[in-house]
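# Observations on the three-dimensional arrangement
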Amino acid sequence: MFYYSTKNKTIKVDFRQAAIEGQAPDKGLYFPDRIPKWDDKFKEKINELSKAEIGFEIMQPYVGQSISKDRLEEIIQQTLAFEFPLKKINESIYCLELFQGPTLAFKDVGARFMSRCLGYFSNSIGRNITVLVATSGDTGGAVADAFYNVKGTQVIILYPSGKVSPVQEKQLTTLGNNIHAFEVGGDFDDCQKMVKLAFADEELKKRLFLTSANSINVARWLPQQIYYALAMAQWNKNTSPVIAVPSGNFGNLCAGLLAQQSGLNVKHFIAACNTNDAFTKYLYSGEYSAQTAVATVSNAMDVGNPSNFERILELYNHELKTIKNHVSSISIDDFKTTQTIEKVFNTYDYLLDPHTAVAYHAMENWLMDHPEDEGIILGTAHPVKFPTIVEKTIGKEIELPDKLASIMKREKKSILVEPNYESIRSQIIQLAD
Ligand SMILES: *Cc1c(COP(=O)(O)O)cnc(C)c1O
């Protein structure tokens, strides 16, 4: 299997190189040059297989010769070391809970797979890999936890001081060892600007092996296909479900679309968006225009120009009609989001986080027009990660699960920095050397 750049099909690299580079040198996204087909036996027997067996079957063709069989099995076992239950909310809507991992967000799977791949590759290139990431909250926590103690890797996380939730801050700052948190006196845009300057800094890149941990990396994107297969393994009905995916950068949805091409049994996909509706508008009008992100209560989906849009176009040969045959999209505002949290809690005693609530609403909307269908929504975060909005909406406090309660007691260690590139640069060099 090779990966080409969406901007230039003649650039071809293997999995290892695509994962190490993150993005193609021409700023295109890496895309597989063929899509493997799941064999019939795998599909028929999927409910008898373990999570790790399912994960291996899906990922092996994508990884190819880049990682040995034994090591890949081990990586997948570690990646999927928690539960992914499919819970019934009501007669027609089920939730695949992807938030039982260490940081209670679905990004754990992609981040864990990627961290272990990079750890393995750092050994083969004989250099430490330095991962540099700016975060507004969730990504940083998943990346920190995933890379913690992975040999051959150093992680530097820039986060805006006072602008992440207390739980998120603890997740970023209490691990130590190879995880370094820079607390930036500025906002998220400042953090992102510093990271961009570092990636454009040729001098720095000569000294350090720098890579990003964002969701365009194939090692983060591709393992998300496993979620959909785990849903299938638990779906013991004869009908094919409709699946609604809370979407921001569209990596998760695009992984589902890819899995469908491989043989996943899905009737239709719904891209559930908040008011950041660049994709929703594109499906209606056929015209795509990048937007500036607008802040919402489902903030991990506040993306104005989703990176993986390019991959969706690639998957369907840029044919709008084909895209619409596979995906619909709906965009809802904060009022509808919180109303949905309240209604589902009061009616079905199921607590949704704001991101999953967007998907629930989208699914309900779909089922009104297609009453014969049944749906799965992807639960992307645990409601306890968004206590302010969730508690205000249901008028009740929610209890911290043990995993988070213990982290709240740990000591914060961060390096305070001003959004000044020169000073950040010298600190990065000191840490990584
Ligand atoms: C990142 C994130 C999303 C959006 O996922 P994409 O793959 O970027 O579309 C949705 N929900 C939560 C909780 C997230 O952290």
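For the structure given in this document, a descriptive report is provided here.

Definitions and cut-offs
- Residues numbered from 1 in each chain as written.
- Predicted model: local features only at pLDDT ≥ 70, side-chain atom pairs only at ≥ 80, totals over all residues.
- Heavy atoms only, no water.
- Helix = DSSP H or I, 4+ residues; strand = E, 2+ residues; numbered from the N terminus.
- Expected span 1.5 Å × (residues − 1).
- Bend = angle between axes of the 7 residues up to and from the residue.
- Buried < 20%, exposed > 50% of the residue type's maximum accessible area, 1.4 Å probe, protein only.
- Near = heavy atom within 4 Å.
- Polar contact = N/O pair within 3.5 Å; in protein donor to acceptor, adjacent residues only side chain to side chain.
- Areas by Shrake-Rupley, 256 points an atom, 1.4 Å probe, with all protein chains shown as cover.
- Core = buried A, V, L, I, M, F, W, Y, C linked by side-chain atoms within 4.5 Å.
- Contact = heavy atoms within 4.5 Å.
- Axes fitted to C-alpha atoms, helices over the stretch in contact; angles between N-to-C directions.
- Parallel < 35°, antiparallel > 145°, perpendicular 65-115°, else oblique.
- Left-handed = near helix turned anticlockwise from the far one by under 90°.
- Nonpolar A, V, L, I, M, F, W, Y, C, P; charged D, E, K, R; others polar.
- Phe/Tyr/Trp six-rings, centres within 6.5 Å; stacked < 30°, edge-to-face > 60°.
- Salt bridge = Lys/Arg side-chain N within 4 Å of Asp/Glu carboxyl O.
- Pairing = 2+ DSSP bridges.

The end-to-end C-alpha distance of helix α3 (residues 51-63) is 18 Å, a good match for the 18 Å that 13 residues give at a rise of 1.5 Å each. Of all the bends in α3, the largest measures some 30° and sits at Glu57, one to four residues before the proline Pro61. Of the residues making up α3, those classed as buried are Ala52, Ile54, Gly55, Phe56, Ile58, Met59, Tyr62 and Val63.

Surrounding the ligand, one finds 15 residues, the nearest of these being Lys107, Gly248, Asn249, Phe250 and Thr380. Contact distances for the ligand include 2.4 Å between an oxygen atom and a side-chain N or O atom of Lys107. Contact with the protein chains removes 97% of the 390 Å² of surface that the ligand exposes when unbound.

Another aspect to go through is the nonpolar core. Within the largest apolar cluster, 95 residues are counted, with the highest numbers of intra-cluster contacts made by Phe15, Phe113, Phe269 and Phe279. For Phe113, the residues in contact, after removing those within four places along its chain, are Phe15, Met59, Val63, Leu72, Ile75, Ile76, Thr79, Ala219 and Pro223. Ranked by size, the runner-up nonpolar core spans 38 residues in total, among them Ala244, Ala362, Leu367 and Ile398.

Now for the packing of helix α5 (residues 107-125) against helix α6 (residues 138-147). Where α5 contacts α6, the axes come no closer than 8 Å and their chain directions differ by 40°. Compared by their axis directions, α5 and α6 come out oblique. Seen from above, α5 lies across α6 with right-handed handedness. Across the interface between the two elements, Lys107, Asp108, Ala111, Arg112, Met114, Ser115, Arg116 and Leu118 of α5 pack against Thr139, Ala142, Val143, Asp145, Ala146 and Phe147 of α6. Residues of the contact of α5 with α6, tallied by class, amount to seven nonpolar, two polar and five charged.

What the rule picks out here adds up to 17 aromatic pairs. Ring geometry for Phe31 against Trp221: centres 6.1 Å apart, planes inclined by 35°, an arrangement best described as tilted. Pair noted here: Phe31 is in strand β3 (residues 30-32) and Trp221 is in helix α10 (residues 218-221), with a separation of 190 residues, a long-range link. Here Phe31 and Trp221 have matching classes, each one buried.

This next bit is on the pattern of salt bridges. The final tally for this structure, using the stated rule, is 17 salt bridges. Between Lys88 and Glu91 there is a salt bridge, with the nearest N and O atoms lying 3.5 Å from each other. Assessed through its relative accessible area of 45%, Lys88 is described here as partly exposed. When its relative accessible area of 62% is taken as the criterion, Glu91 is described as exposed. Asp190 is paired through a salt bridge with Lys193; the nearest N and O atoms lie 3.8 Å apart. Separated by three residues within a single helix, Asp190 and Lys193 lie in helix α8 (residues 188-199), roughly one turn from each other.

With that out of the way, let us pick up the sheet that holds strand β6 (residues 129-134). Sheets are built from strands that pair by backbone hydrogen bonding, the pairs being arranged parallel or antiparallel. On the basis of which strands lie adjacent, the open sheet formed by five strands has the order β9-β6-β7-β8-β14 and parallel pairing. Among the strands making up the open sheet, the edge pair consists of β9 (209-211) and β14 (415-417). Neighbour-to-neighbour, the strand axes of the sheet open up by a mean angle of 25°, direction not taken into account. Bridge count for strand β8 (residues 179-184) against β14 is three bridges, and the pairing is parallel.

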